[in-house]
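Single-letter residue listing:
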Amino acid sequence: MKRKLLDQLLAWKNAPQRKPVLLDGARQTGKSYLLEKILGEHFAQVVRIDFLEQPSMAELFKDSLNPDDILANLELVLNIKIDVANALIIFDEIGECQAAVNSLKFFAEQKPQIYLCASGSNIGLLASFPVGKVEFLELHPLSYEEFLWAANQPALVAAFNEMALSKVVHQKLFSLLLDYYFVGGMPEVVNTWFAMPGSDHDSLVERIERVSQLQKTLLAGYELDFGKYAGKVSANQISAVFNAVPKQLAQFVDDSVKRFKFKEAAQNVNRYQQLAGPIDWLVKCKLLSKCHPIEGRPTLPLQVLAKENLFKLFFFDVGLLGSKVGISYQQQRDQGLAYKGYIAENFVQNELRLQQSEPTYSWEYARSEVEFLYRTANGQIIPVEVKSGKRTRAKSLGVYVDRYMPSQSVKLVGTTGSLDDPTAIVLPLYYASKLGKVTCTI
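The structure contained in this document is the topic of the report that follows. (Residues numbered from 1 in each chain as written. Predicted model: local features only at pLDDT ≥ 70, side-chain atom pairs only at ≥ 80, totals over all residues. Heavy atoms only, no water.)

Below, the discussion takes up the overall build of the protein. Along the backbone of the protein there are 18 helices and 13 strands. Residues counted as buried form 54% of the 442 residues belonging to the protein. The contacts in the protein between residues at least 6 apart in sequence include a share of 70% that link residues at least 24 apart. When the accessible area of the protein is evaluated, it comes to approximately 19,700 Å², of which 49% is carbon and sulfur surface. Within the protein, the 47 negative side-chain charges are centred at a point lying 6 Å from the centre of the 49 positive side-chain charges. (Helix = DSSP H or I, 4+ residues; strand = E, 2+ residues; numbered from the N terminus. Buried < 20%, exposed > 50% of the residue type's maximum accessible area, 1.4 Å probe, protein only. Contact = heavy atoms within 4.5 Å. Areas by Shrake-Rupley, 256 points an atom, 1.4 Å probe, with all protein chains shown as cover. Lys, Arg positive; Asp, Glu negative; His and termini not counted. Charge placed at Lys NZ, Arg CZ, Asp CG, Glu CD.)

Attention now moves to the layout of surface pockets. Considering only enclosed or pocket space, the second largest pocket measures out at about 740 Å³ in volume. What lines the second largest pocket is a set of 31 residues, among which Glu-138, His-140, Arg-353, Leu-354 and Gln-356 lie closest to the centre. For the lining of the second largest pocket, a count of residues per class yields nine nonpolar, nine polar and 13 charged. (1 Å grid on protein atoms, 1.4 Å probe; cavity = no way out; pocket = protein on both sides within 12 Å on 5 of 7 lines; lining within 4 Å. Points joined across faces, edges and corners; volume = space filled by probe spheres on them. Nonpolar A, V, L, I, M, F, W, Y, C, P; charged D, E, K, R; others polar.)

Another point: the packing of helix α3 (residues 67-78) against helix α4 (residues 98-110). Their axes nearest at 9 Å, the elements α3 and α4 cross at an angle of 110 degrees. On the basis of their axis angle, the class for α3 and α4 is roughly perpendicular. Here α3 contributes Pro-67, Ile-70 and Leu-71 to the contact with α4, which in turn contributes Ser-103, Phe-106, Phe-107 and Gln-110. Taken together, the residues of the contact of α3 with α4 break down into five nonpolar, two polar and no charged. (Axes fitted to C-alpha atoms, helices over the stretch in contact; angles between N-to-C directions. Parallel < 35°, antiparallel > 145°, perpendicular 65-115°, else oblique.)

If you walk through the whole model with that rule in mind, you get 34 aromatic pairs. An angle of 75 degrees between the planes, with centres 6.0 Å apart, marks the rings of Phe-51 and Phe-91 as edge-to-face. With Phe-51 in the loop between β2 (45-50) and α3 and Phe-91 in strand β3 (residues 87-92), this residue pair connects regions lying 40 residues apart in the sequence. As far as burial versus exposure is concerned, Phe-51 and Phe-91 are alike and both buried. Centroid distance Tyr-144 to Phe-347: 6.4 Å. Interplanar angle 90 degrees. Geometry classified as edge-to-face. Within this pair, whereas Tyr-144 is found in helix α5 (residues 144-150), its partner Phe-347 is found in helix α16 (residues 341-353), the two being separated by 203 residues in sequence. We note that Tyr-144, like Phe-347, is buried. The ring of Trp-149 has Lys-2 lying over it, and the distance from NZ or CZ to the ring centre is 4.2 Å. Above the plane of the ring of Trp-12 lies Arg-18, whose end atom (NZ or CZ) is 6.0 Å from the centre. (Phe/Tyr/Trp six-rings, centres within 6.5 Å; stacked < 30°, edge-to-face > 60°. Lys NZ or Arg CZ within 6 Å of the ring centre and 35° of its normal.)

Take a look at the structure:
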């Protein structure tokens with residue numbers, strides 16, 4: 001399964017010297033597979049230890065954090081000879097061993113020629129890690145583009161790369177987007193969807209059932225993790241927030257997603273401070289992401305204008321979001337009958353997270369709302385309106401443009417779109433990842 005992050009990992013491999021990679025991401029997003037199976041193909045030897053499966057491996061770090069001592073211990077325990085010039089060494093689930101985390105500093109300082117990658121699903125919860133001594137990367141569920149790669153349609157991939165806007169291309173790319181809304185980007189789920197033939201009705205029904213069951217299993221696994229890793233934070237409140245986000249998102253069918261309401265998340269809760277711990281826990285574990293509304297004229301840096309206790313919360317995977325609220329495959333396909341606009345907004349949120357650092361930002365003024373504010377590389381703030389269906393009229397975007405006269409505006413819609421006016425761009429939703437390509441200074 002091809003992943004975009006591979007390019008960054010190969011650039012890291014080809015550098016003359018390097019810091020250890022620390023790969024973060026929610027559980028089951030494919031971190032171990034990416035490192036061992038995909039990146040590992042580019043090495044003569046792969047040496048992997050998993051601190052969750054093998055807690056005893058923590059003994060390797062007990063007496064010394066000197067890289068030579070650790071490597072010698074590793075060879076002894078695994079009964080192998082490590083060719084450090086050609087071996088990829090993987091410390092998987094490193095969050096289970098704080099000493100291994102601490103050792104990354106010494107590998108960076110003393111062994112910059114070594115290929116060392118560490119990964120974990122609870123890195124955001126670590127008490128400390130060697131800031132400045134690791135190359136920090138994050139793996140998300142498969143994006144729409146990666147989902148398109150998995151569909152194995154080279155001609156369609158080429159059309160996507162060229163940002164083709166023809167009706168024929170739109171029909172195919174939008175159809176795949178609707179499939180993506182249902183399947184989402186969890187690697188095991190995507191692999192199941194494309195591994196089974198789907199040319200007849202019975203096969204499609206079987207694929208839908210298997211995907212639905214996998215999604216339920218994944219969601220149950222996350223719930224179990226809450227009790228295991230919650231620590232001082234209430235596992236019950238973490239679970240309450242995790243379950244409240246899909247319910248609150250589902251309240252907004254045709255309207256923009258609204259700010260998260262704390263009093264609807266848990267009993268006897270009515271303000272941010274009562275749920276700050278559980279929300280931050282879920283954000284650090286990459287299961288939720290924030291979008292802060294900006295009131296008034298947006299200026300950089302946007303984080304200065306954001307209020308800590310005002311934000312929208314989005315789910316990290318649209319497929320699991322649909323599973324949580326019970327949207328069937330047919331409902332996702334029947335856009336004209338039962339479209340859920342919040343799925344599109346959550347989709348765009350996740351695509352933007354791959355392009356820009358978190359959190360994202362939106363805009364509010366009186367009754368007007370623009371779903372996202374996109375920050376270009378040259379310091380422009382571009383308003384982005386999300387319109388899930390064929391109706392592309394955007395009153396709120398018009399209010400924003402009239403008030404602040406941005407160099408460009410963007411509408412993401414369910415139609416073919418148009419690039420005829422470079423100041424008012426209209427793109428199909430599936431090109432959300434291409435915003436950096438089409439926005440520029442006018």
